[in-house]
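Listed below are the residues making up each chain.
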Amino acid sequence: METLTKPGASFYSYQQKDIESVFEIIQNKETQNLLYQLPTGGGKTVIFSEIARRYMEEYGKTAMILTHRMELCIQTSATLKKLGIKNRKINSGSGNFKADCSCYVAMVETLRNRIKSKKIKTNDVGLVIIDEAHHNSFRKLLSYFKGAFVIGVTATPFSSDTSKPMKRYYDTLITGENIATLIEEGFLAKPKSYVYEVELNSLKTGLHGDYTVGSSNELYGTPAMLDLLLKAHQETANKKKTLIFNNGIVVSRQVEEFFSAAGISIRHLDNKTPEDERNEILKWFKKTKGAVLTSVSILTTGFDEPSVQHIILNRATTSITLYHQMIGRGSRRLPSKKTFGITDLGNNIERFGEWQETVDWKFAFDNPDEFARKLSFHSSGNSSVQSHALSAEIRAKFPKTLEMTFDIEGYYQEAIDRDKKPKTVIQQSIRQQAKMCLDNAESLSEAVALAEVLTPETEWRVKQYVKCLENASKNYKEWLLEDYQNRLKGLIIKLYPKLKT
(Lines give C-alpha, C1' and ligand atoms only; values in the text may rest on other atoms or scores of the structure.)
Protein backbone atom coordinates (compact mmCIF):
# COMPACT_ATOMS: atom_id res chain seq x y z
CA MET A 1 0.00 0.00 0.00
CA GLU A 2 1.24 3.54 -0.80
CA THR A 3 2.35 5.26 2.42
CA LEU A 4 4.62 7.98 1.10
CA THR A 5 3.50 10.93 3.24
CA LYS A 6 4.95 12.90 6.07
CA PRO A 7 3.50 12.54 9.59
CA GLY A 8 0.34 14.55 10.18
CA ALA A 9 -1.06 13.97 6.70
CA SER A 10 1.14 16.64 5.11
CA PHE A 11 2.49 15.95 1.66
CA TYR A 12 5.76 16.07 -0.16
CA SER A 13 6.18 18.94 -2.61
CA TYR A 14 5.57 16.88 -5.76
CA GLN A 15 2.45 15.33 -4.21
CA GLN A 16 1.10 18.74 -3.20
CA LYS A 17 1.80 20.08 -6.70
CA ASP A 18 -0.17 17.23 -8.30
CA ILE A 19 -3.09 17.66 -5.88
CA GLU A 20 -3.27 21.37 -6.77
CA SER A 21 -3.04 20.60 -10.51
CA VAL A 22 -5.97 18.19 -10.29
CA PHE A 23 -8.07 20.64 -8.28
CA GLU A 24 -7.38 23.43 -10.72
CA ILE A 25 -8.85 21.30 -13.49
CA ILE A 26 -11.87 20.35 -11.34
CA GLN A 27 -12.55 23.98 -10.37
CA ASN A 28 -12.12 25.35 -13.90
CA LYS A 29 -14.28 22.53 -15.30
CA GLU A 30 -11.76 22.08 -18.10
CA THR A 31 -12.72 18.45 -18.54
CA GLN A 32 -14.96 15.79 -17.03
CA ASN A 33 -12.60 12.79 -17.23
CA LEU A 34 -9.01 13.12 -16.05
CA LEU A 35 -6.22 10.51 -16.00
CA TYR A 36 -3.43 10.91 -13.43
CA GLN A 37 -0.14 9.02 -13.72
CA LEU A 38 2.43 8.48 -10.95
CA PRO A 39 4.97 5.63 -10.57
CA THR A 40 4.38 2.78 -8.14
CA GLY A 41 5.65 3.90 -4.75
CA GLY A 42 5.00 7.59 -5.41
CA GLY A 43 1.98 7.76 -3.12
CA LYS A 44 -0.99 7.57 -5.49
CA THR A 45 -3.35 6.28 -2.80
CA VAL A 46 -2.71 9.07 -0.31
CA ILE A 47 -2.88 11.65 -3.12
CA PHE A 48 -6.30 10.56 -4.39
CA SER A 49 -7.51 10.12 -0.81
CA GLU A 50 -6.65 13.77 -0.14
CA ILE A 51 -8.36 14.77 -3.39
CA ALA A 52 -11.49 12.94 -2.24
CA ARG A 53 -11.35 14.65 1.17
CA ARG A 54 -11.00 18.13 -0.32
CA TYR A 55 -13.68 17.50 -2.91
CA MET A 56 -16.23 16.41 -0.31
CA GLU A 57 -15.33 19.37 1.87
CA GLU A 58 -15.57 21.96 -0.93
CA TYR A 59 -18.47 20.58 -2.95
CA GLY A 60 -20.50 18.64 -0.38
CA LYS A 61 -21.05 15.71 -2.74
CA THR A 62 -20.41 11.97 -2.46
CA ALA A 63 -17.05 10.52 -3.56
CA MET A 64 -16.77 6.97 -4.91
CA ILE A 65 -13.44 5.13 -5.15
CA LEU A 66 -13.34 2.03 -7.37
CA THR A 67 -10.82 -0.80 -7.28
CA HIS A 68 -10.54 -4.11 -9.14
CA ARG A 69 -9.31 -6.32 -6.28
CA MET A 70 -10.53 -6.95 -2.76
CA GLU A 71 -7.08 -6.28 -1.27
CA LEU A 72 -6.99 -2.82 -2.84
CA CYS A 73 -10.53 -2.14 -1.64
CA ILE A 74 -9.59 -2.98 1.97
CA GLN A 75 -6.29 -1.08 1.85
CA THR A 76 -7.82 2.02 0.27
CA SER A 77 -10.49 2.12 2.96
CA ALA A 78 -7.77 1.85 5.63
CA THR A 79 -5.73 4.69 4.08
CA LEU A 80 -8.79 6.94 3.97
CA LYS A 81 -9.44 6.19 7.62
CA LYS A 82 -5.84 7.05 8.56
CA LEU A 83 -6.31 10.43 6.89
CA GLY A 84 -9.42 10.99 9.01
CA ILE A 85 -11.86 10.31 6.17
CA LYS A 86 -14.93 8.37 7.26
CA ASN A 87 -15.80 5.82 4.56
CA ARG A 88 -17.75 2.66 3.93
CA LYS A 89 -16.99 -0.36 1.77
CA ILE A 90 -19.81 -1.42 -0.55
CA ASN A 91 -20.42 -5.17 -0.37
CA SER A 92 -23.01 -7.61 -1.69
CA GLY A 93 -25.51 -6.52 0.97
CA SER A 94 -25.06 -2.76 0.73
CA GLY A 95 -28.03 -0.50 0.17
CA ASN A 96 -28.01 3.14 -0.90
CA PHE A 97 -25.72 5.79 0.54
CA LYS A 98 -25.97 6.71 4.23
CA ALA A 99 -26.64 10.21 5.56
CA ASP A 100 -23.60 10.11 7.84
CA CYS A 101 -21.07 9.13 5.14
CA SER A 102 -19.98 10.77 1.88
CA CYS A 103 -17.09 8.50 0.83
CA TYR A 104 -17.43 4.94 -0.45
CA VAL A 105 -15.00 2.29 -1.67
CA ALA A 106 -16.13 -0.55 -3.91
CA MET A 107 -14.96 -3.28 -6.24
CA VAL A 108 -16.17 -2.84 -9.80
CA GLU A 109 -18.33 -5.95 -10.11
CA THR A 110 -19.86 -5.54 -6.64
CA LEU A 111 -20.90 -1.96 -7.34
CA ARG A 112 -22.18 -2.82 -10.80
CA ASN A 113 -24.39 -5.58 -9.39
CA ARG A 114 -25.77 -3.26 -6.69
CA ILE A 115 -26.55 -0.57 -9.28
CA LYS A 116 -28.20 -3.02 -11.69
CA SER A 117 -30.38 -4.41 -8.89
CA LYS A 118 -31.38 -0.80 -8.08
CA LYS A 119 -29.93 -1.04 -4.55
CA ILE A 120 -27.64 1.95 -5.12
CA LYS A 121 -28.45 5.19 -6.96
CA THR A 122 -25.54 7.14 -8.38
CA ASN A 123 -27.18 10.56 -8.89
CA ASP A 124 -25.55 12.04 -5.77
CA VAL A 125 -22.00 10.95 -6.70
CA GLY A 126 -19.94 13.99 -7.66
CA LEU A 127 -16.48 12.43 -7.82
CA VAL A 128 -15.41 8.99 -9.05
CA ILE A 129 -11.79 7.91 -8.52
CA ILE A 130 -10.64 4.77 -10.36
CA ASP A 131 -7.54 3.06 -8.95
CA GLU A 132 -5.38 1.02 -11.37
CA ALA A 133 -7.33 2.70 -14.16
CA HIS A 134 -5.49 0.84 -16.95
CA HIS A 135 -7.76 -2.17 -16.27
CA ASN A 136 -10.47 -2.24 -18.92
CA SER A 137 -13.13 -3.58 -16.55
CA PHE A 138 -13.85 -0.05 -15.27
CA ARG A 139 -15.31 1.16 -18.56
CA LYS A 140 -18.50 -0.80 -17.81
CA LEU A 141 -19.35 1.55 -14.94
CA LEU A 142 -18.61 4.96 -16.40
CA SER A 143 -22.05 5.28 -18.01
CA TYR A 144 -23.65 5.19 -14.53
CA PHE A 145 -21.78 8.35 -13.46
CA LYS A 146 -22.52 10.75 -16.33
CA GLY A 147 -22.71 13.82 -14.07
CA ALA A 148 -19.63 13.04 -11.98
CA PHE A 149 -16.04 14.18 -12.36
CA VAL A 150 -13.95 11.05 -13.06
CA ILE A 151 -10.27 10.67 -12.12
CA GLY A 152 -8.42 7.57 -13.26
CA VAL A 153 -5.17 6.82 -11.42
CA THR A 154 -2.40 4.56 -12.73
CA ALA A 155 1.37 4.14 -12.94
CA THR A 156 1.08 3.15 -16.62
CA PRO A 157 -1.55 5.08 -18.64
CA PHE A 158 -1.63 2.59 -21.48
CA SER A 159 -4.18 -0.11 -22.26
CA SER A 160 -2.73 -3.34 -23.62
CA ASP A 161 -5.94 -3.65 -25.66
CA THR A 162 -5.42 -1.05 -28.39
CA SER A 163 -9.09 -1.37 -29.40
CA LYS A 164 -9.92 0.27 -26.05
CA PRO A 165 -7.36 3.09 -25.72
CA MET A 166 -7.39 5.11 -22.51
CA LYS A 167 -7.95 8.38 -24.37
CA ARG A 168 -11.37 7.02 -25.36
CA TYR A 169 -12.43 7.29 -21.71
CA TYR A 170 -10.24 10.16 -20.47
CA ASP A 171 -9.84 13.63 -22.00
CA THR A 172 -6.68 14.80 -20.25
CA LEU A 173 -3.53 13.20 -18.82
CA ILE A 174 -1.55 14.65 -15.91
CA THR A 175 1.83 13.03 -15.30
CA GLY A 176 3.56 13.21 -11.93
CA GLU A 177 7.25 12.90 -11.13
CA ASN A 178 9.11 10.20 -13.05
CA ILE A 179 10.89 7.27 -11.44
CA ALA A 180 14.40 8.66 -11.96
CA THR A 181 13.54 11.89 -10.10
CA LEU A 182 11.86 10.02 -7.24
CA ILE A 183 15.03 7.91 -6.90
CA GLU A 184 17.34 10.92 -7.08
CA GLU A 185 15.34 12.78 -4.41
CA GLY A 186 15.35 9.76 -2.09
CA PHE A 187 11.70 8.71 -2.36
CA LEU A 188 12.31 5.39 -4.12
CA ALA A 189 15.12 2.83 -3.81
CA LYS A 190 17.74 2.77 -6.56
CA PRO A 191 17.71 -0.42 -8.67
CA LYS A 192 20.67 -2.47 -9.81
CA SER A 193 19.88 -4.75 -12.74
CA TYR A 194 21.31 -8.14 -13.64
CA VAL A 195 20.47 -9.59 -17.04
CA TYR A 196 20.73 -13.25 -18.06
CA GLU A 197 19.97 -13.62 -21.75
CA VAL A 198 17.43 -16.33 -22.47
CA GLU A 199 16.43 -17.82 -25.83
CA LEU A 200 12.67 -17.16 -26.06
CA ASN A 201 11.92 -18.52 -29.54
CA SER A 202 9.75 -21.31 -28.10
CA LEU A 203 7.35 -18.84 -26.46
CA LYS A 204 3.99 -18.28 -28.10
CA THR A 205 1.72 -15.26 -27.77
CA GLY A 206 -2.00 -15.66 -27.21
CA LEU A 207 -4.82 -13.60 -28.66
CA HIS A 208 -4.51 -11.09 -25.80
CA GLY A 209 -0.92 -10.38 -26.84
CA ASP A 210 1.15 -11.73 -23.95
CA TYR A 211 3.11 -14.97 -23.81
CA THR A 212 0.95 -17.99 -23.05
CA VAL A 213 1.12 -19.83 -19.76
CA GLY A 214 1.56 -23.17 -21.55
CA SER A 215 4.59 -22.15 -23.60
CA SER A 216 6.10 -20.37 -20.57
CA ASN A 217 5.72 -23.52 -18.46
CA GLU A 218 7.43 -25.58 -21.14
CA LEU A 219 10.42 -23.22 -21.28
CA TYR A 220 10.86 -22.19 -17.64
CA GLY A 221 10.11 -25.65 -16.29
CA THR A 222 13.10 -27.25 -18.03
CA PRO A 223 16.03 -28.44 -15.87
CA ALA A 224 18.31 -25.98 -17.66
CA MET A 225 16.12 -22.97 -16.78
CA LEU A 226 15.65 -24.10 -13.18
CA ASP A 227 19.42 -24.44 -12.88
CA LEU A 228 19.87 -20.96 -14.38
CA LEU A 229 17.32 -19.47 -11.97
CA LEU A 230 19.06 -20.98 -8.95
CA LYS A 231 22.46 -19.84 -10.25
CA ALA A 232 21.11 -16.32 -10.83
CA HIS A 233 19.64 -16.19 -7.33
CA GLN A 234 22.91 -17.30 -5.75
CA GLU A 235 24.91 -14.76 -7.78
CA THR A 236 22.62 -11.73 -7.39
CA ALA A 237 20.18 -12.26 -4.50
CA ASN A 238 21.75 -14.72 -2.08
CA LYS A 239 20.42 -14.25 1.48
CA LYS A 240 18.27 -11.30 0.33
CA LYS A 241 14.49 -11.13 0.74
CA THR A 242 13.35 -11.96 -2.78
CA LEU A 243 10.19 -12.07 -4.89
CA ILE A 244 10.20 -14.39 -7.91
CA PHE A 245 7.54 -13.72 -10.55
CA ASN A 246 6.47 -16.61 -12.83
CA ASN A 247 3.88 -16.96 -15.58
CA GLY A 248 2.52 -20.37 -14.55
CA ILE A 249 1.63 -22.20 -11.35
CA VAL A 250 3.35 -25.38 -12.49
CA VAL A 251 6.70 -23.58 -12.80
CA SER A 252 6.29 -21.71 -9.53
CA ARG A 253 5.72 -25.02 -7.74
CA GLN A 254 8.81 -26.45 -9.45
CA VAL A 255 10.81 -23.42 -8.31
CA GLU A 256 9.65 -23.95 -4.72
CA GLU A 257 10.69 -27.62 -4.81
CA PHE A 258 14.02 -26.89 -6.54
CA PHE A 259 15.02 -24.10 -4.14
CA SER A 260 13.90 -26.07 -1.07
CA ALA A 261 16.14 -28.95 -2.15
CA ALA A 262 19.02 -26.44 -2.27
CA GLY A 263 18.35 -25.44 1.34
CA ILE A 264 16.71 -22.07 0.58
CA SER A 265 13.74 -20.82 2.65
CA ILE A 266 11.01 -20.48 0.03
CA ARG A 267 7.22 -20.58 -0.22
CA HIS A 268 4.83 -20.58 -3.18
CA LEU A 269 1.77 -18.35 -3.57
CA ASP A 270 -0.82 -18.08 -6.33
CA ASN A 271 -4.36 -16.83 -6.84
CA LYS A 272 -5.78 -20.22 -5.81
CA THR A 273 -4.03 -20.28 -2.42
CA PRO A 274 -6.69 -20.29 0.36
CA GLU A 275 -6.93 -16.97 2.22
CA ASP A 276 -5.82 -18.38 5.60
CA GLU A 277 -2.77 -20.05 4.06
CA ARG A 278 -2.01 -16.95 2.05
CA ASN A 279 -2.04 -14.74 5.16
CA GLU A 280 0.22 -17.20 6.96
CA ILE A 281 2.68 -17.25 4.03
CA LEU A 282 2.81 -13.43 3.85
CA LYS A 283 3.45 -13.22 7.62
CA TRP A 284 6.25 -15.78 7.23
CA PHE A 285 7.74 -13.78 4.35
CA LYS A 286 7.61 -10.54 6.32
CA LYS A 287 9.43 -11.86 9.39
CA THR A 288 11.89 -14.29 7.76
CA LYS A 289 15.30 -12.90 6.88
CA GLY A 290 16.44 -13.85 3.38
CA ALA A 291 13.05 -15.46 2.56
CA VAL A 292 12.11 -16.19 -1.04
CA LEU A 293 8.50 -15.99 -2.25
CA THR A 294 7.71 -17.49 -5.65
CA SER A 295 4.38 -16.38 -7.07
CA VAL A 296 1.93 -16.21 -9.97
CA SER A 297 -0.74 -13.54 -10.69
CA ILE A 298 -1.07 -12.44 -7.09
CA LEU A 299 1.55 -9.91 -5.95
CA THR A 300 1.62 -7.40 -8.82
CA THR A 301 -1.04 -5.16 -7.22
CA GLY A 302 -2.45 -4.88 -3.71
CA PHE A 303 0.80 -6.09 -2.13
CA ASP A 304 3.24 -3.95 -0.21
CA GLU A 305 6.25 -5.32 1.66
CA PRO A 306 8.91 -2.58 1.80
CA SER A 307 11.56 -4.99 3.09
CA VAL A 308 11.78 -6.77 -0.30
CA GLN A 309 15.38 -6.49 -1.44
CA HIS A 310 15.36 -8.26 -4.78
CA ILE A 311 13.00 -8.97 -7.68
CA ILE A 312 13.53 -11.90 -10.06
CA LEU A 313 11.57 -11.90 -13.31
CA ASN A 314 11.45 -15.63 -14.07
CA ARG A 315 9.22 -14.96 -17.04
CA ALA A 316 8.90 -12.83 -20.14
CA THR A 317 6.03 -10.44 -20.74
CA THR A 318 4.96 -8.12 -23.55
CA SER A 319 3.02 -5.94 -21.08
CA ILE A 320 4.82 -2.78 -20.01
CA THR A 321 2.23 -2.35 -17.26
CA LEU A 322 3.00 -5.77 -15.78
CA TYR A 323 6.74 -5.09 -16.12
CA HIS A 324 6.45 -1.91 -14.04
CA GLN A 325 4.12 -3.52 -11.49
CA MET A 326 6.44 -6.47 -10.85
CA ILE A 327 9.58 -4.39 -10.38
CA GLY A 328 7.71 -1.78 -8.37
CA ARG A 329 7.22 -4.34 -5.59
CA GLY A 330 10.89 -3.88 -4.69
CA SER A 331 11.16 -0.11 -5.04
CA ARG A 332 9.96 0.96 -1.57
CA ARG A 333 12.60 2.99 0.27
CA LEU A 334 13.42 2.37 3.94
CA PRO A 335 16.03 4.02 6.20
CA SER A 336 17.96 0.73 5.99
CA LYS A 337 17.21 0.12 2.31
CA LYS A 338 18.40 2.58 -0.32
CA THR A 339 18.84 0.09 -3.19
CA PHE A 340 17.24 -3.09 -4.52
CA GLY A 341 18.12 -5.65 -7.16
CA ILE A 342 16.40 -6.77 -10.37
CA THR A 343 17.33 -10.06 -12.03
CA ASP A 344 15.82 -10.48 -15.49
CA LEU A 345 15.45 -13.96 -17.01
CA GLY A 346 13.00 -12.94 -19.73
CA ASN A 347 14.79 -10.29 -21.82
CA ASN A 348 12.29 -7.78 -20.38
CA ILE A 349 14.83 -5.02 -19.80
CA GLU A 350 15.93 -5.33 -23.42
CA ARG A 351 12.27 -5.12 -24.46
CA PHE A 352 11.18 -2.15 -22.34
CA GLY A 353 14.39 -0.46 -21.22
CA GLU A 354 15.62 -0.06 -17.65
CA TRP A 355 12.74 0.30 -15.19
CA GLN A 356 13.97 3.71 -14.05
CA GLU A 357 14.26 5.11 -17.59
CA THR A 358 11.73 7.83 -18.36
CA VAL A 359 8.77 6.68 -20.44
CA ASP A 360 6.94 9.26 -22.55
CA TRP A 361 3.50 8.46 -21.12
CA LYS A 362 2.00 11.51 -22.83
CA PHE A 363 2.98 9.99 -26.17
CA ALA A 364 1.59 6.60 -25.12
CA PHE A 365 -1.71 8.24 -24.13
CA ASP A 366 -2.02 10.39 -27.27
CA ASN A 367 -0.70 7.78 -29.73
CA PRO A 368 -1.58 4.33 -28.30
CA ASP A 369 -1.40 2.52 -31.64
CA GLU A 370 2.09 3.80 -32.45
CA PHE A 371 3.28 3.17 -28.88
CA ALA A 372 1.94 -0.40 -29.10
CA ARG A 373 3.69 -0.93 -32.44
CA LYS A 374 7.00 0.11 -30.92
CA LEU A 375 6.52 -2.33 -28.03
CA SER A 376 5.50 -5.05 -30.48
CA PHE A 377 8.62 -4.42 -32.56
CA HIS A 378 10.83 -5.02 -29.52
CA SER A 379 8.93 -8.21 -28.69
CA SER A 380 8.62 -9.71 -32.16
CA GLY A 381 12.21 -10.90 -32.41
CA ASN A 382 11.71 -13.30 -29.53
CA SER A 383 8.26 -14.73 -30.10
CA SER A 384 6.32 -16.98 -32.39
CA VAL A 385 2.70 -16.01 -32.58
CA GLN A 386 0.04 -18.56 -31.81
CA SER A 387 -2.71 -17.81 -34.30
CA HIS A 388 -6.22 -19.06 -34.10
CA ALA A 389 -8.56 -18.47 -36.98
CA LEU A 390 -11.98 -19.90 -37.72
CA SER A 391 -12.31 -21.66 -41.05
CA ALA A 392 -13.99 -19.79 -43.87
CA GLU A 393 -16.66 -22.53 -43.96
CA ILE A 394 -17.64 -21.93 -40.32
CA ARG A 395 -17.45 -18.14 -40.61
CA ALA A 396 -19.79 -18.20 -43.62
CA LYS A 397 -22.51 -19.73 -41.43
CA PHE A 398 -22.54 -16.60 -39.22
CA PRO A 399 -22.87 -13.60 -41.59
CA LYS A 400 -24.54 -11.39 -38.93
CA THR A 401 -21.69 -11.79 -36.42
CA LEU A 402 -18.68 -9.51 -36.75
CA GLU A 403 -16.55 -10.82 -33.87
CA MET A 404 -16.52 -14.60 -33.62
CA THR A 405 -13.32 -15.14 -31.63
CA PHE A 406 -13.06 -15.22 -27.85
CA ASP A 407 -9.76 -14.71 -26.00
CA ILE A 408 -10.03 -17.47 -23.37
CA GLU A 409 -6.63 -16.78 -21.81
CA GLY A 410 -7.22 -13.02 -21.78
CA TYR A 411 -10.63 -13.37 -20.10
CA TYR A 412 -9.16 -15.91 -17.69
CA GLN A 413 -6.43 -13.48 -16.62
CA GLU A 414 -9.01 -10.70 -16.26
CA ALA A 415 -11.13 -12.96 -14.05
CA ILE A 416 -8.13 -13.72 -11.85
CA ASP A 417 -7.21 -10.04 -11.62
CA ARG A 418 -10.75 -9.23 -10.47
CA ASP A 419 -10.92 -12.11 -7.96
CA LYS A 420 -13.68 -13.84 -9.93
CA LYS A 421 -14.05 -17.59 -10.24
CA PRO A 422 -12.37 -19.03 -13.37
CA LYS A 423 -15.61 -20.74 -14.42
CA THR A 424 -17.06 -17.32 -15.26
CA VAL A 425 -14.86 -17.42 -18.39
CA ILE A 426 -16.71 -20.50 -19.63
CA GLN A 427 -20.04 -18.84 -18.84
CA GLN A 428 -19.06 -15.77 -20.89
CA SER A 429 -17.90 -17.94 -23.76
CA ILE A 430 -21.16 -19.90 -23.81
CA ARG A 431 -23.22 -16.69 -23.79
CA GLN A 432 -21.25 -15.30 -26.72
CA GLN A 433 -21.71 -18.44 -28.81
CA ALA A 434 -25.41 -18.69 -27.93
CA LYS A 435 -25.90 -15.14 -29.18
CA MET A 436 -24.03 -15.98 -32.38
CA CYS A 437 -26.33 -18.93 -33.04
CA LEU A 438 -29.51 -17.00 -32.27
CA ASP A 439 -28.50 -13.95 -34.33
CA ASN A 440 -27.91 -16.09 -37.41
CA ALA A 441 -30.90 -18.47 -37.23
CA GLU A 442 -34.50 -18.19 -38.35
CA SER A 443 -35.74 -21.07 -36.22
CA LEU A 444 -34.85 -22.86 -32.98
CA SER A 445 -33.75 -26.00 -34.80
CA GLU A 446 -31.47 -23.92 -37.03
CA ALA A 447 -29.92 -22.22 -33.97
CA VAL A 448 -29.24 -25.59 -32.33
CA ALA A 449 -27.72 -26.84 -35.60
CA LEU A 450 -25.39 -23.82 -35.64
CA ALA A 451 -24.17 -24.82 -32.19
CA GLU A 452 -23.05 -28.12 -33.75
CA VAL A 453 -21.23 -26.19 -36.49
CA LEU A 454 -19.23 -24.45 -33.75
CA THR A 455 -17.91 -27.74 -32.34
CA PRO A 456 -14.29 -27.22 -33.57
CA GLU A 457 -14.25 -23.73 -32.04
CA THR A 458 -15.81 -25.04 -28.81
CA GLU A 459 -13.17 -27.78 -28.57
CA TRP A 460 -10.43 -25.18 -29.04
CA ARG A 461 -11.86 -22.93 -26.32
CA VAL A 462 -12.14 -25.78 -23.83
CA LYS A 463 -8.57 -26.82 -24.60
CA GLN A 464 -7.34 -23.24 -23.96
CA TYR A 465 -9.31 -23.04 -20.72
CA VAL A 466 -7.89 -26.32 -19.44
CA LYS A 467 -4.37 -25.04 -20.27
CA CYS A 468 -5.07 -22.00 -18.08
CA LEU A 469 -6.04 -24.29 -15.20
CA GLU A 470 -2.71 -26.09 -15.75
CA ASN A 471 -3.36 -29.14 -13.56
CA ALA A 472 -6.76 -30.32 -14.89
CA SER A 473 -7.09 -34.01 -15.73
CA LYS A 474 -7.98 -35.52 -19.11
CA ASN A 475 -11.29 -36.75 -17.65
CA TYR A 476 -12.13 -33.21 -16.54
CA LYS A 477 -11.41 -31.89 -20.03
CA GLU A 478 -13.71 -34.50 -21.59
CA TRP A 479 -16.45 -33.76 -19.04
CA LEU A 480 -16.08 -30.01 -19.54
CA LEU A 481 -16.46 -30.27 -23.32
CA GLU A 482 -19.64 -32.34 -22.98
CA ASP A 483 -21.00 -30.01 -20.29
CA TYR A 484 -20.15 -26.94 -22.38
CA GLN A 485 -22.02 -28.25 -25.42
CA ASN A 486 -25.06 -29.22 -23.33
CA ARG A 487 -25.16 -25.83 -21.64
CA LEU A 488 -24.78 -24.02 -24.97
CA LYS A 489 -27.77 -25.84 -26.44
CA GLY A 490 -29.72 -25.37 -23.21
CA LEU A 491 -29.11 -21.61 -23.24
CA ILE A 492 -30.15 -21.35 -26.88
CA ILE A 493 -33.42 -23.17 -26.12
CA LYS A 494 -34.02 -20.96 -23.08
CA LEU A 495 -33.35 -17.65 -24.84
CA TYR A 496 -35.00 -18.37 -28.19
CA PRO A 497 -38.62 -17.63 -27.14
CA LYS A 498 -37.58 -14.35 -25.45
CA LEU A 499 -35.68 -13.10 -28.49
CA LYS A 500 -38.20 -14.14 -31.13
CA THR A 501 -41.37 -12.80 -29.46
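Reading the values: the criteria
Residues numbered from 1 in each chain as written. Predicted model: local features only at pLDDT ≥ 70, side-chain atom pairs only at ≥ 80, totals over all residues. Heavy atoms only, no water. Helix = DSSP H or I, 4+ residues; strand = E, 2+ residues; numbered from the N terminus. Rg over C-alpha atoms; globule rule 2.2 N^0.38 Å. Buried < 20%, exposed > 50% of the residue type's maximum accessible area, 1.4 Å probe, protein only. Lys, Arg positive; Asp, Glu negative; His and termini not counted. Charge placed at Lys NZ, Arg CZ, Asp CG, Glu CD. Pairing = 2+ DSSP bridges. Axes fitted to C-alpha atoms, helices over the stretch in contact; angles between N-to-C directions. Contact = heavy atoms within 4.5 Å.

Q: Would you take a moment to explain the overall build of the protein for this structure?
A: In terms of regular secondary structure, the protein is built from 19 helices and 15 strands. In summary, the protein has a C-alpha radius of gyration of 24 Å against a globular reference of 23 Å for 501 residues, a match within 12%. Dimensions of the protein along its principal axes, counting C-alpha atoms only, are 70 × 60 × 45 Å. Per-residue burial for the protein yields a buried fraction of 55% across its 501 residues. Averaging the locations of the 70 positively and 59 negatively charged side chains of the protein gives two centres separated by 6 Å.

Q: Can you walk me through the sheet that holds strand β4 (residues 103–107) in this structure?
A: Pairing between sheet strands relies on hydrogen bonds along the backbone, with the strands arranged either parallel or antiparallel. Strands sit in the order β3-β4-β2-β5-β6-β1-β7 across an open sheet of seven strands; the sheet is parallel. Looking along the sheet, the strands with just one partner apiece sit at the ends: β3 (88–90) and β7 (172–175). Taken pair by pair, the neighbouring strands of this sheet meet at an average axis angle of 20°, ignoring direction. Across five bridges, the pairing between strand β2 (residues 62–67) and strand β5 (residues 125–131) is parallel. In the strand pairing of β5, T62 is matched with V125. Packed on one face of the sheet, helix α2 (residues 44–59) meets β1 (33–37), β2, β4, β5 and β6 (149–154) and runs near 180° to β5. Sitting on the sheet, helix α4 (residues 108–116) touches β2, β3 and β4, and the angle it makes with β4 is about 105°.

Q: Before we go on, may I ask you to explain the pairing of β6 in this structure?
A: Residues in a regular strand point their side chains to alternate faces of the sheet. In terms of residue burial, β6 counts as a mostly covered element, since six of its six residues are buried. Alternating positions in β6 separate into two faces, F149, I151 and V153 on one and V150, G152 and T154 on the other, with burial throughout. With five bridges joining them, β1 and β6 adopt parallel strand pairing. The partner of Q37 across the bridge, within β6, is T154. Sheet topology note: the β5/β6 ladder contains five bridges and is parallel. Residue pairing in the sheet places D131 in a bridge with V153 of β6.

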